[in-house]
Every structure is written in structure tokens, then in C-alpha cells.
Amino acid sequence: MAAVAVEGFADLAAELRQARDNARHTHDAAGRGRDDAGQGGDGVGQARDGADQARDDAAQARDDAAQGRDGAGQVRDGVGQRRDGAGRVRGGAGQRGGEARDRAGWVGEVAAVGAAYVGFAERRPALYDAMFTHSVDLPFASPEAPAALHAGFGELREALRPLARDDDLDLLTETFWSALHGLVTLTRAGRLPPEHRDARLALLVRRFSG
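Looking up the chain in an unreviewed UniProt entry gives the name WHG domain-containing protein, with the organism given as Actinomadura chibensis.

Put into C-alpha cells, the structure is as follows:
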């Protein structure tokens, strides 16, 4: 039974790793699509800027004639300062947008590993019982535990790492795993209505990602 459980943990770790990778690739692809769209918008904006610059140059020439070169220089400085300020605003907005995209990607990975864990338990109930319900001669919660046991826990931990903030990462991971295990076992035992399975999982992910 112990060998079966170890094999199950290896399979679970592989599925969790694949779920994280898929979520990351999906998020990255969506980000590249947004960047491409943004570059198209930048091209339009540059064309508008060119037209604006032409108008500015014409106005500047008139100002030079009317006010002299010193006055024109002051006008140019003012225009440059306004453009610098606008650039800083755009830079700050871009940074905030990047942070929001990063967070969305991290939350997506947590959701993916949570769904993969529950899906594994539902597809392979006998193996899941061998791993977590039946008595087996394995050193759980110990450095001496087989590598496969550490690998499964490690995939959950790595998904949660970017969102842990000041929490102890191992304790956070243990609590998340316990919650997933509780959802699985209580639903299988008929203690929780199965039709709300996805809603409960989504709520769990939101609470651990908040």
C-alpha cells in the first residue's frame, strides 16, 4: 500500500505542475495579446503626436517672430515639462497595470492547482484513499518522507508563494491543502452538495489569494 501511495503522490505532483504551467502559459499568451494591441494603439498615438508636433512647430514659428527667441525658448521648455509629466503619468499607469497582470497570473495558478487537486481526487478515488485515508507506513510531515510526498506539497507551496506576503509559507500551504482535502472528502461523503463544488473552490481560492 505504501508503494501505491508514493506512486499516487508522484502522479499528483505531476498534475499540479502541469496545471501551474498551463495557467502560466495562458496568462503569458493573454499578456502578449494585450501588448500587441497596445503597440497598435501606440502607433496611432505616435501619428497623432506627429500631427500635433507639426502644429506646435508652426505655432512656435509664429511665436518666435512675435516674441523673440528667448520667449520661444521658454514656451518650448514649458511644453517639454508638460510632456515629461505626461510621460511619468503613463509610466506609473503602466507599472500599476503590470502589477495587476502579475497578480492575476498568480491567482490563476492557485486556482489551477486547486482545480487539479480536486479533479485528481474525483477521477482516482481509490488511489486518493490510499494516499490520504488508509493507514500506510510512510513518514508524513517529516524530512524523511519520500521525495514524491514533498513534490506534491511543493507544487501547492510554489503556487501560493507570490501571494503569501507576511504569512508563513509552509503553514499557509498546509492550511490550503487541508481546505482542499476537506472539500474533497466532505463532498464525496455526501456532507456537502456536489452542485456547489465549483463555487466552493472559487471561494476558497479568493480567500487564499486576497
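From this point on, the discussion continues.
Undergrad: Tell me what's going on with unusual backbone geometry, and back it up with residues and numbers.
TA: In most cases, non-glycine residues show a negative phi, while peptide bonds are predominantly trans. Even without being glycine, R165 reaches a positive phi, approximately 55 degrees. Along the chain, R165 turns up in the loop between α4 (147–160) and α5 (169–188). Among the residues examined, R165 registers a relative accessible area of 65% and is labelled exposed.

Undergrad: Can you lay out the packing of aromatic side chains for me, pointing to particular residues and giving the numbers?
TA: As enumerated under the stated definition, the model contains seven aromatic pairs in all. Arranged with centres 6.3 Å apart and planes meeting at 50 degrees, the rings of Y117 and F132 form a pair that is tilted. With Y117 in helix α2 (residues 69–123) and F132 in helix α3 (residues 125–132), the pair connects residues that are 15 residues apart, well separated along the chain. A relative accessible area of 1% places Y117 in the buried class. Seen in terms of ring centroids, Y128 and F132 are 4.7 Å apart; in terms of plane orientation they differ by 45 degrees. Their pairing is tilted. Taken together, the residues span about one helical turn, with Y128 and F132 both in helix α3 at a distance of four residues.

Undergrad: Any chance you could break down the packing of α4 against α5 for me, citing the residues and the numbers?
TA: Between α4 and α5, whose axes approach to 9 Å, the crossing angle comes to 110 degrees. By the criterion of interaxial angle, the relationship of α4 to α5 is roughly perpendicular. Considering the relative orientation of α4 and α5, their crossing is right-handed. Across the interface between the two elements, F153, L156, R157 and L160 from α4 touch L169, D170, L172, T173, E174, F176, W177 and L180 from α5.

Undergrad: Could you give an account of α5, with specific residues and numbers?
TA: Given a rise of 1.5 Å per residue, 20 residues ought to cover 28 Å, and the 29 Å separating the end C-alpha atoms of α5 matches this to within 8%. For α5, the N-terminal cap is D168; the gap from its side-chain oxygen to the backbone nitrogen of D170 is 3.1 Å. G190 sits one or two positions beyond α5 and adopts a positive phi of about 80 degrees.

Undergrad: Tell me about the packing of α5 against helix α6 (residues 197–209), residues and numbers included.
TA: Taken N-terminus to C-terminus, the directions of α5 and α6 make an angle of 170 degrees; their axes are 11 Å apart at the nearest point. Classified by the angle their axes make, α5 and α6 are roughly antiparallel. From α5, L172, T175, F176, A179, L180, L183 and T187 reach across to α6, where they touch R200, L201, L204 and F208. Tallied by class, the residues present in the contact of α5 with α6 amount to eight nonpolar, two polar and one charged.

Undergrad: Provide a residue-level description of the layout of surface pockets, including the pertinent values.
TA: Of the volumes computed, that of the largest pocket is approximately 510 Å³. Surrounding the largest pocket, 21 residues form its lining, F140, A141, L149, F153 and W177 being those nearest its centre. Mapped onto the lining of the largest pocket, the elements with two or more residues apiece are α1 (2–67), α3, α4 and α5. It is α4 that provides the largest number of residues to the lining of the largest pocket, a total of six residues. Classifying every residue of the lining of the largest pocket by side-chain character gives 14 nonpolar, four polar and three charged.

Undergrad: Please set out α4 residue by residue, giving values where relevant.
TA: Counted at 1.5 Å a residue, the expected span for α4 with its 14 residues is 20 Å, and the 20 Å between its end C-alpha atoms agrees. Taken together, the buried positions of α4 are A148, L149, G152, G154, E155, L156, A159 and L160.

What counts and what doesn't
Positions within a chain are numbered from 1, following the residues in the order the chain's sequence is written. For a predicted model such as this one, the threshold for reporting local features is a pLDDT of at least 70, and the threshold for listing and counting side-chain atom pairs is 80 or more; totals across whole chains, interfaces and linings nevertheless cover every residue. For side-chain calculations, the full set of non-hydrogen atoms in the structure is used, while hydrogens and water are omitted. Working definition: helices are DSSP H or I runs of at least four residues, strands are E runs of at least two. Numbering for both runs from the N terminus. Exposure categories follow from relative accessible area, calculated using a 1.4 Å probe and restricted to protein chains: below 20% of the type maximum is buried, above 50% is exposed, and the middle band is partly exposed. Paired rings are identified among Phe, Tyr and Trp, the last through its six-membered ring, by centres lying within 6.5 Å, and are further divided according to the angle between planes into stacked (under 30 degrees), edge-to-face (over 60) and tilted (the rest). Simply put, an axis is a line fit to the C-alpha atoms, just over the touching stretch for a helix, and the angle between two N-to-C directions goes from 0 to 180 degrees. Just so you know how the angles are binned, under 35 degrees is roughly parallel, over 145 roughly antiparallel, 65 to 115 roughly perpendicular, and the rest oblique. Each crossing gets its handedness from the near helix: less than a right angle anticlockwise from the far helix is left-handed, clockwise is right-handed. Contact definition: two residues touch when any of their heavy atoms are within 4.5 Å. Here a helix's expected span is defined as the number of its residues, less one, multiplied by 1.5 Å. In the analysis that follows, any N or O atom pair within 3.5 Å is treated as a polar contact, provided that within protein one partner can donate a hydrogen and the other can accept it, and provided that, for residues neighboring in sequence, both atoms belong to side chains. Just so you know the grouping, Ala, Val, Leu, Ile, Met, Phe, Trp, Tyr, Cys and Pro go in nonpolar, Asp, Glu, Lys and Arg go in charged, and all remaining residues, Gly too, go in polar. Only protein atoms enter the 1 Å grid used here, on which a cavity is any set of points holding a 1.4 Å probe that cannot leave and a pocket is any open set flanked by protein within 12 Å on both sides along at least five of seven lines; residues with an atom within 4 Å of a point are listed as lining. Grid points are joined across faces, edges and corners, and a volume is the space filled by probe spheres set on the points.

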